[in-house]
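Next come the chains, spelled out residue by residue.
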Amino acid sequence: MEAKTASGARSCEGLGYFVRTFGCQMNLHDAERVSGLLESEGAVPVGSAEEADIVVFMTCCVREKADTHLYGQASAMASAPEPPSGLRTVCVGGCIAQRDGERLRQQVPVVDVVFGTQAIARLPHLICEARTGEAGLAVDTEERYDGFSTDLPSHRASKAQAWVPIMYGCNNFCSYCVVPYVRGRERSRAFEDVVDEVRRLVADGAREVTLLGQNVNSYGRDLYGEPRFAELLRAVGDTGIERIRFTSSHPKDLSDDTIRAMAETPAVMPQLHLAVQSGSTDVLRRMNRKYTRDDYLALVGRIKEAMPDIMLTTDLIVGFPLETEQDFEDTLSLVREAGFSGAFTFIYSKREGTPAAAVDDPTPRDVIQGRFDRLAKLIEEQSWQANQRFEGERVEVLVEGPSKKDPRRMTGHSRESVTVHFPAPEGVEPADLVGTLVDVHVEQARTWYLAGSMVGEPR
Ligand code: SF4
């Protein structure tokens, strides 16, 4: 895997690198692989893009904001002070790189390397090429299916938690989404490879894994002819890992078998993020989601019957082209009926090249903003309500670290994935708590977090 230079040295020896990530967990995971790969080539992490010889932007084109951030931050590199080596290499990876290729360089001339979603392993070579080549530009957005970024070295941000991609790409073609175009079709990793990776992570101190994919419920269909996600959950549950989460789930593929596996595998956490996007069957049809409002609510009913304590969260798009007031009301009522405890809410943003982008929508912007504000308020109320059940209770927390503002205030997530804050007890070093499981007695339940005191010993 190493990219040796002519002198035989590792290709990035002694160079400082900095990775900035936009977008989803898959991108965060890819960013860990980029860091691991650069370190295996001798690069060392530095604290900011300004100090770095190699700056990598991992991009996402699912939302418009991420595009804007990339263009702003990458352009700012043109006026950044000279780095220690005297030469800065600016690299852009992820979805925007895959989508825009050479065009990116025309729009942001400071960019030297453009690497697509399937070209991470080639990054050190591309950096070499850019640093030594006359043109100073290296682009690789070729589609190749001969390996996964998971096979690359990784620099994990947390020892106790790990992301484990189980599949890449998506076959669903929701009418607003670019993922199938920029990440390609579904490709699952071999069953044994995933389970072996989790076993190795457990041996290395991991306590929680999040299984990742654009559509985890259809895991295995491309390799084995039928989905094997339920079976995978059970096998991962047998590795000794203490907590299992997974994302993203498409409602049309979440089978009763998977619901049973979730309920019967103790390590699967009582939490599910299940994107619904809209509560209107008509909008769902135009989104090409392949389920109706009733299908979704029936699925939620089956999930809650099997796991009465589960906390459900979702994604919602407001202002999809031609959404009517009645469609939006249907979304509000579905949010109430499903009883979501949280949601990522977005105002629809047009993604070039998708079918929905061709639809002109006369709905005024302020009407859409008004709907968005009403939805956000409802989600806030439901989140506050859902958290009340924890007041006075004891919750198990996997400790992630001290808060940025107060080094003695610890933060982690409960089994239900609610953020929990608590002070490190007198005489306990905050650093010693990181990565441990502790019990917290909840004294305050707020809208977005719980606060309380640690009880008993960390384990
Ligand atoms: S399921 Fe739909 S929204 Fe999700 S990645 Fe696939 S096409 Fe995009």
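So, how was this worked out
Residues numbered from 1 in each chain as written. Predicted model: local features only at pLDDT ≥ 70, side-chain atom pairs only at ≥ 80, totals over all residues. Heavy atoms only, no water. Near = heavy atom within 4 Å. Nonpolar A, V, L, I, M, F, W, Y, C, P; charged D, E, K, R; others polar. UniProt positions renumbered as here; feature names shortened; annotations may be inferred. Helix = DSSP H or I, 4+ residues; strand = E, 2+ residues; numbered from the N terminus. Buried < 20%, exposed > 50% of the residue type's maximum accessible area, 1.4 Å probe, protein only. Axes fitted to C-alpha atoms, helices over the stretch in contact; angles between N-to-C directions. Parallel < 35°, antiparallel > 145°, perpendicular 65-115°, else oblique. Left-handed = near helix turned anticlockwise from the far one by under 90°. Contact = heavy atoms within 4.5 Å.

Novice: Would you mind showing me how to read the site of the ligand here?
Specialist: Taken together, C170, N172, F173, C174, Y176, C177, V179, P180, Q214, H250 and R289 are the residues near the ligand. For the shell around the ligand, the per-class residue count stands at seven nonpolar, three polar and one charged.

Novice: What is the right way to look at the UniProt feature "binding site: [4Fe-4S] cluster 2" (unreviewed entry) in the protein in this model?
Specialist: The sites that carry the UniProt feature "binding site: [4Fe-4S] cluster 2" (unreviewed entry) are, in the present numbering, C170, C174 and C177. Examined against the element boundaries, C174 turns out to sit in the loop between β8 (167-168) and α6 (179-182). Since its relative accessible area comes to 9%, C174 is described here as buried. Tracing the backbone through its elements, the reader meets C177 in the loop between β8 and α6. Look at C177 and you get buried, because its relative accessible area is 16%.

Novice: Would you explain the packing of helix α9 (residues 229-237) against helix α10 (residues 256-264) in this entry?
Specialist: At a closest axis distance of 8 Å, the pairing of α9 and α10 adopts a crossing angle of 15 degrees. Considering their axes alone, α9 and α10 lie roughly parallel with respect to each other. With respect to the hand of their crossing, α9 and α10 are arranged in left-handed fashion. In this structure, α9 uses F229, A230, L233 and R234 to contact α10, whose residues at the interface are D257, T258, R260, A261, M262 and E264. Residue classes in the contact of α9 with α10 are distributed as five nonpolar, one polar and four charged.

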